[in-house]
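Chain residues, written in single-letter form:
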Amino acid sequence: MSIHKSISGLLYIIVAFITASVGVRFITATEFFDYHAEASGLSWEAVEPGLRIVYLAVFKVCGAAILAVSASLLIMLTFPFAKHRQRWSYYAIPLVGLLLWSIVFATTLDVSITTPGTAPWIGSLVCVAMILTAFVLSLLDRSASASPLP
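Note that this is a predicted model, so its numbers are computed, not measured.

A. Quick peek at the overall build of the protein chain. Along its length, the protein chain carries 5 helices and 0 strands. Going from the N terminus to the C terminus, the protein chain shows its helices and strands as α-α-α-α-α. Taking the principal axes of its C-alpha atoms as reference, the protein chain extends roughly 60 × 25 × 20 Å. Within the protein chain, contacts between residues separated by at least 24 positions form 73% of all contacts whose residues are at least 6 apart in sequence. A total accessible area of about 8,300 Å² is found for the protein chain, and carbon and sulfur atoms account for 75% of it. For the protein chain, the distance from the average position of its 8 positive side-chain charges to the average position of its 7 negative side-chain charges is 24 Å.

B. Inspection of the packing of helix α3 (residues 49-83) against helix α4 (residues 87-114) at higher detail. Two elements in contact, α3 and α4, have axes whose closest approach is 10 Å; the angle formed by their N-to-C orientations is 165 degrees. Relative to α4, the element α3 is oriented roughly antiparallel. Between α3 and α4 the crossing geometry is left-handed. Facing α3, whose interface residues are I66, V69, L73, M76, L77, P80 and F81, α4 presents W88, S89, Y90, A92, I93, V96, G97 and L100. For the contact of α3 with α4, the per-class residue count stands at 13 nonpolar, 2 polar and no charged.

C. Structural context of α3. For α3, spanning 35 residues, the distance from its first C-alpha to its last is 49 Å, which sits close to the expected 51 Å at 1.5 Å a residue. The principal kink in α3, of about 40 degrees, is found at L77, preceding the proline P80 by one to four residues. Buried within α3 we find L56, F59, G63, I66, V69, S70, L73, M76, L77, P80 and F81. Phi for R85, located one or two positions after α3, is positive at around 50 degrees.

D. Structural detail: the packing of α4 against helix α5 (residues 121-139). One can describe the packing of α4 onto α5 by two numbers: an axis separation of 8 Å at closest approach and a directional angle of 160 degrees. By the angle between their directions, the pair α4 and α5 is classed as roughly antiparallel. The two elements α4 and α5 meet at a crossing, and its hand is left-handed. Split into classes, the residues belonging to the contact of α4 with α5 amount to 16 nonpolar, 6 polar and 1 charged.

Criteria and cut-off values
- Residues numbered from 1 in each chain as written.
- Predicted model: local features only at pLDDT ≥ 70, side-chain atom pairs only at ≥ 80, totals over all residues.
- Heavy atoms only, no water.
- Helix = DSSP H or I, 4+ residues; strand = E, 2+ residues; numbered from the N terminus.
- Contact = heavy atoms within 4.5 Å.
- Areas by Shrake-Rupley, 256 points an atom, 1.4 Å probe, with all protein chains shown as cover.
- Lys, Arg positive; Asp, Glu negative; His and termini not counted.
- Charge placed at Lys NZ, Arg CZ, Asp CG, Glu CD.
- Axes fitted to C-alpha atoms, helices over the stretch in contact; angles between N-to-C directions.
- Parallel < 35°, antiparallel > 145°, perpendicular 65-115°, else oblique.
- Left-handed = near helix turned anticlockwise from the far one by under 90°.
- Nonpolar A, V, L, I, M, F, W, Y, C, P; charged D, E, K, R; others polar.
- Expected span 1.5 Å × (residues − 1).
- Bend = angle between axes of the 7 residues up to and from the residue.
- Buried < 20%, exposed > 50% of the residue type's maximum accessible area, 1.4 Å probe, protein only.

Limitation: the analysis is restricted to geometry and does not speak to function.
So this is what it looks like as structure tokens:
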């Protein structure tokens, strides 16, 4: 295994675990986050009970989707990327990761710019940067098979 692929895999694993932790945070939330209160100008207690249920339902759905992204990344990293060195996974992994983290970045940055809230956009930018770095490094791994999609 090349040093490029090792570093690439490590960066992807870090992103996958960050992704999983964010998913768990959303699934286990019992109220919206501090920056949501700052952005909306409302405390959790000021939100109508029915709307609280809706917020928490959306959080759980988002958390489940984020966990699905994390699981997808870990499965692709374990089998087609690390074990079988299939070239298609070198493109699929960053595609899946960037689909999530670039949208999270753009959305949280927008909240920070357009509201009084300070959303955690820096963390998502770091994930985007790690994914892009890992992608470039993985492309330097010339030993990957050119296997087609199954």
